[in-house]
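Geometric and topological summary
Here is how the chains run, residue by residue.
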Amino acid sequence: RHDDFFDLGGDSQKAIALALQIEQTFGASFESSAIVERSTIAQQVEFLETQQSQPDTGIPAWLTGVHVAGDKPVLFYVHGSLGVTYLDREFFDFMGSDQPIYFFRLPGLKEGEAALETVEKLAETYVTAMRRVQPNGPYRIAVSCGCAPIGLEMSLQLEDAGQSTDALVL
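In short, a report on the structure. On a predicted model such as this, the values are computed, not experimentally measured, just so you know.

A closer look at the overall build of the protein
The secondary structure content of the protein amounts to 5 helices and 5 strands. Reading the helices (α) and strands (β) of the protein from amino to carboxyl end gives α-α-β-β-α-β-α-β-α-β. At 16 Å, the protein has a C-alpha radius of gyration in line with the 15 Å of a compact globule built from 170 residues. Its C-alpha atoms give the protein principal-axis dimensions of roughly 50 × 35 × 35 Å.

Below is the structure:
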């Protein structure tokens, strides 16, 4: 229960498979990116139990709070061209324990989700979700690989709404 997934040889591909198995077995949304912060079975069980007992926050399933503690502005991390985000522990260690981080997954990858087809619509949808987590800026956005146009559009839409983007990391 307390053995670490990564210490046992876990990697990004195994994390995706584990998350899918958790979803199929328990009927609960569980993103592979969450395994970085919840790398033991005990932590995953606690998360699933907490998730089931909390009221709906309006935050979509494709936006995952991987590390939600800390007093810095939230870092919103936009997926790469494959639609998922997976970073290793070194990334989190570098960011520090006081940096809240949320990961986006491309909507439409899971059954029952509507796919979004334009950069503008993705950015609009992501900004709306971001503002549920953090109503006002400054915002911090990081973007993987080929999805840089989404991050740039998000920053522009925030600016149009009178909000500031403190950092846009591509």
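Having put the structure on the table, let's press on.
Quick word on the pairing of strand S5 (residues 165–169)
Across 4 bridges, strand S4 (residues 139–143) lies against S5 in parallel orientation. Considered in S5, the bridge of Arg-140 is made with Ala-167. Tracing the backbone out of S4, into helix H5 (residues 148–160) and back to the parallel element S5 gives a crossover that is right-handed.

So, the layout of surface pockets
One number sums up the size of the second largest pocket: a volume of about 290 Å³. Along the walls of the second largest pocket sit 18 residues, with Glu-31, Ser-32, Val-84, Arg-105 and Lys-110 positioned nearest its centre. Counting only elements with at least two residues in the lining of the second largest pocket, the list comes to helix H1 (12–26) and strand S3 (101–104). With 5 residues, H1 is the largest single contributor of residues to the lining of the second largest pocket.

Points about the packing of aromatic side chains
For the structure shown, the criterion picks out 8 aromatic pairs. Relative to Tyr-126, the ring of Trp-62 has its centre 5.5 Å away and its plane inclined at 40°; by these criteria the two rings are tilted. One end of the pair, Trp-62, is in the loop between helix H2 (41–53) and strand S1 (63–67); the other, Tyr-126, is in helix H4 (residues 119–133), and 64 residues separate them in sequence. Residue classification places Trp-62 among the buried residues on the basis of a relative accessible area of 11%. Their ring planes at 35° and their centres at 6.0 Å tell us that Phe-76 and Tyr-102 sit as a pair that is tilted. Of this pair, Phe-76 sits in strand S2 (residues 75–78) while Tyr-102 sits in strand S3; the two residues are 26 residues apart in sequence, bridging distant segments of the chain. Residue classification places Phe-76 among the buried residues on the basis of a relative accessible area of 0%. On the accessibility criterion, Tyr-102 (12% relative accessible area) is buried. Site record: aromatic cluster; members linked through ring pairs are Trp-62, Phe-76, Tyr-102, Phe-104, Tyr-126 and Tyr-139.

Here we look at unusual backbone geometry
For the bond running from Gly-137 to Pro-138, omega is 10°, close enough to zero to count as cis. Its location among the elements puts Pro-138 in the loop between H4 and S4.

Digging into the pairing of S2
Residues Leu-75 and Tyr-77 line one face of S2 and the alternating positions Phe-76 and Val-78 line the opposite face, and both faces are buried. Pairing geometry for S2 and S3, over 3 bridges, is parallel. Paired with Leu-75 across the bridge in S3 is Ile-101. The pairing of S2 with S4 spans 4 bridges and is parallel. By the bridge assignment for S4, Phe-76 is matched with Ile-141.

Here we look at the side chain of Asp-4
Looking at where Asp-4 falls in the secondary structure, it is placed in the segment before H1. Within the local environment of Asp-4, its side chain forms a polar contact with the backbone nitrogen of Phe-6, the two atoms lying 2.8 Å apart. A polar atom in the side chain of Asp-4 sits 3.1 Å from the backbone nitrogen of Asp-7.

What counts and what doesn't
Here the residue numbers are simple positions, counted from 1 along each chain's written sequence. pLDDT decides what is reported in this predicted model: residues at 70 or higher carry local features, side-chain atom pairs at 80 or more are listed and counted, and totals for whole chains, interfaces and linings draw on all residues regardless. Processing note: side-chain calculations cover all non-hydrogen atoms of the structure and skip hydrogens and water entirely. Secondary structure elements follow DSSP: runs of H or I no shorter than four residues count as helices, runs of E no shorter than two count as strands, and numbering proceeds from the N terminus. Radius of gyration: C-alpha atoms only; globule rule: 2.2 Å multiplied by the number of residues to the exponent 0.38. For two strands to pair, DSSP has to find at least two bridges joining them. The handedness of a crossover follows from its direction of travel: if, with the strands pointing away from the viewer, the path from the first strand over the helix to the second runs clockwise, the crossover is right-handed. Of the two site types, the cavity is a set of points on a 1 Å grid over the protein atoms alone where a 1.4 Å probe fits but cannot get out, and the pocket is an open set with protein on both sides within 12 Å along at least five of seven lines, each lined by residues with an atom within 4 Å of a point. Grid points are joined across faces, edges and corners, and a volume is the space filled by probe spheres set on the points. Only the six-membered ring of Trp is used, alongside the rings of Phe and Tyr, when aromatic pairs are assigned; centres must lie within 6.5 Å, and planes under 30 degrees apart are stacked while those over 60 apart are edge-to-face, with the rest tilted. Only protein chains enter the area calculation, which uses a 1.4 Å probe; residues under 20% of their type maximum are buried, those over 50% are exposed, and those in between are partly exposed. Pairing of N or O atoms within 3.5 Å defines a polar contact, subject to two protein rules: one partner must be a possible hydrogen donor and the other a possible acceptor, and residues neighboring in sequence count only if both atoms are side-chain atoms.

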